[in-house]
Amino acid sequence: MRRRVRVGIGWTWLPFLMFAIGCRDDGVATGGDGTPALRPGEVTWTVPFPGRGLASFDDSTAFFLGRDHSVLAVDKRSGRERWRSRTGAPGDATLGFGSVVAGPNVVVADVDLFAFDRRSGAPAWRVGIPGAVLAQSIPTAHADTVFGGASNGQFVAIESRSGSLIWKVQPILGDTNVAYDPVYARGRLYGCLSNARTGVLVALESATGRTVWAAPLRQQRPLQSSRCIGWAAVGRDLVVVTSFTDGYIHAVDRESGAERWTAPNLAATQAGGDMRFGVIVGGTLVVGSSTGTVVGLDLATGAERWRTDTQRGSADAPLVADDSLVFVTHAGGQLAALRAETGEIVWRACNPLDRVGFCNYTAAVDMDRLYYAGLEAAYAIKK
């Protein structure tokens, strides 16, 4: 089972703390109607729901995948539930970690890829690969095309309206690789192919699936693998991924795949490895770590600009950002917002009194809100 959801302790407190543990102080400002104005990090609404993985949203609705094969749609502004549907996939629990909006549908991963009409929740289509699962990867989308990765090393492109397969490719032959978390950027798809020991970052033409380049990630530390598990960061002329075990950061040229620089693990010795994900904001690459330390690197050179420890535990979930802030979800269910340029902690959420919070996995970042699929509820947090 692939890692995705990090569970802290004390989750039985969650239903009682939903509204109690936002970041509030005395003297809070009020809105125009006299009600208290929300501060960054406060919950704007919650809907009871056994969430799992990454949420998504469109112009009016936020979408959440559940642990019990369910899919939830919520009005972004009011928090009113719009519809619930089910994938119908087998098993007691969902095998998949997220959702994506594409064309008229929302697509979720649960063994296969399932599409639902995002206005009504009506099932639209289901696409699978015989002998493999499409749930190892979180799907991504561009316009009317959905992209996914399979457990047999194949990447796929699917027409979002009809569910028709546009292309299916296996960039590296062999049955030991898994295709992880493709990312779309400027007509290309970037993803990782990994087995137990090695990883390869690949670039594909999004329209055809043709392999543009394949960049093997060199093993940096003895007895530790160089496998990567996707969620590439793409910015300017670089594509950046991290090795799952040795914790090294690899930056390659976006056009050629040639290595431009590497940056080391944060720990001198780390037998258990280091799970790290990065996000690019302007000229800064911000990278988390299982050690709990977050670093900001110069995107062009890999030189360290700043280093911050939010004192909230492991920062090993994928990072997300807007134009200036990076949102770090910690393994204990807590959230910190950092300024990308300096590493300054702007605000913390979910657990101001050192109680286990409820921020789970990674946020979906909207204009003024974050959406989380929590273990017991789907909810929105003010940015």
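Residues numbered from 1 in each chain as written. Predicted model: local features only at pLDDT ≥ 70, side-chain atom pairs only at ≥ 80, totals over all residues. Heavy atoms only, no water.

### So, the overall build of the chain
Link 1 in the chain: Across its full length, the chain carries one helix and 32 strands.
Link 2 in the chain: Going through the 383 residues of the chain one by one, you find that 61% of them count as buried.
Link 3 in the chain: Across the chain, the fraction of contacts at a sequence separation of at least 24, relative to all contacts at a separation of at least 6, is 49%.
Link 4 in the chain: When the accessible surface of the chain is split by element, carbon and sulfur atoms take 52% of a total near 14800 Å². (Helix = DSSP H or I, 4+ residues; strand = E, 2+ residues; numbered from the N terminus. Buried < 20%, exposed > 50% of the residue type's maximum accessible area, 1.4 Å probe, protein only. Contact = heavy atoms within 4.5 Å. Areas by Shrake-Rupley, 256 points an atom, 1.4 Å probe, with all protein chains shown as cover.)

### Section: the sheet that holds strand β25 (residues 304-309)
Link 1 in the chain: Overall, antiparallel pairing links the four strands, which are arranged β22-β23-β24-β25 in an open sheet. The open sheet has two free edges, formed respectively by β22 (278-281) and β25, since each of these has just one partner strand. The mean inter-strand angle of the sheet, taken between neighbouring strand axes irrespective of direction, is 20 degrees. (Pairing = 2+ DSSP bridges. Axes fitted to C-alpha atoms, helices over the stretch in contact; angles between N-to-C directions.)

### Some remarks on the state of the cysteines
Here a disulfide denotes a covalent bond joining the sulfur atom of one cysteine to the sulfur atom of another.
Link 1 in the chain: Following the criterion strictly, the structure yields two disulfides and no others.
Link 2 in the chain: Note on cysteine connectivity: C192 is disulfide-linked to C228, with sulfurs 2.1 Å apart. Taking the torsion about the S-S bond as the criterion, the C192 to C228 disulfide, at about -120 degrees, is left-handed. Linking C192 in strand β15 (residues 188-194) with C228 in the loop between β17 (211-216) and β18 (233-235), this pair joins segments that are 36 residues apart in sequence.
Link 3 in the chain: Put simply, C350 and C359 are joined by a disulfide, and their sulfur atoms are 1.9 Å apart.
Link 4 in the chain: In the chain, the cysteines engaged in disulfides, taken in order along the sequence, are linked 1-2, 3-4. (Disulfide = S-S within 2.5 Å.)

### Notes on the sheet that holds strand β11 (residues 145-149)
Link 1 in the chain: Pairing in this open sheet of four strands is antiparallel, and the strands run β10-β11-β12-β13 from one edge to the other. Strands with a single pairing partner mark the edges of an open sheet, and in this sheet they are β10 (140-142) and β13 (165-169). Strand-to-strand twist of the sheet, defined as the mean angle between neighbouring strand axes without regard to direction, takes the value 20 degrees.
Link 2 in the chain: Here β10 runs beside β11; their pairing, made up of three bridges, is antiparallel. Considered in β11, the bridge of T140 is made with F147.

### Describing the nonpolar core
Link 1 in the chain: By size, the foremost hydrophobic cluster in this structure holds 40 residues, and its most contacted members are L335 and I381.
Link 2 in the chain: Once residues lying within four places of it in the same chain are set aside, the contact partners of I381 are G41, E42, V43, T44, L335, C350, C359, D368, R369, L370 and Y372.
Link 3 in the chain: One finds A102, A115, L134 and V156 within the second-largest nonpolar core, a separate group that totals 16 residues. (Core = buried A, V, L, I, M, F, W, Y, C linked by side-chain atoms within 4.5 Å.)

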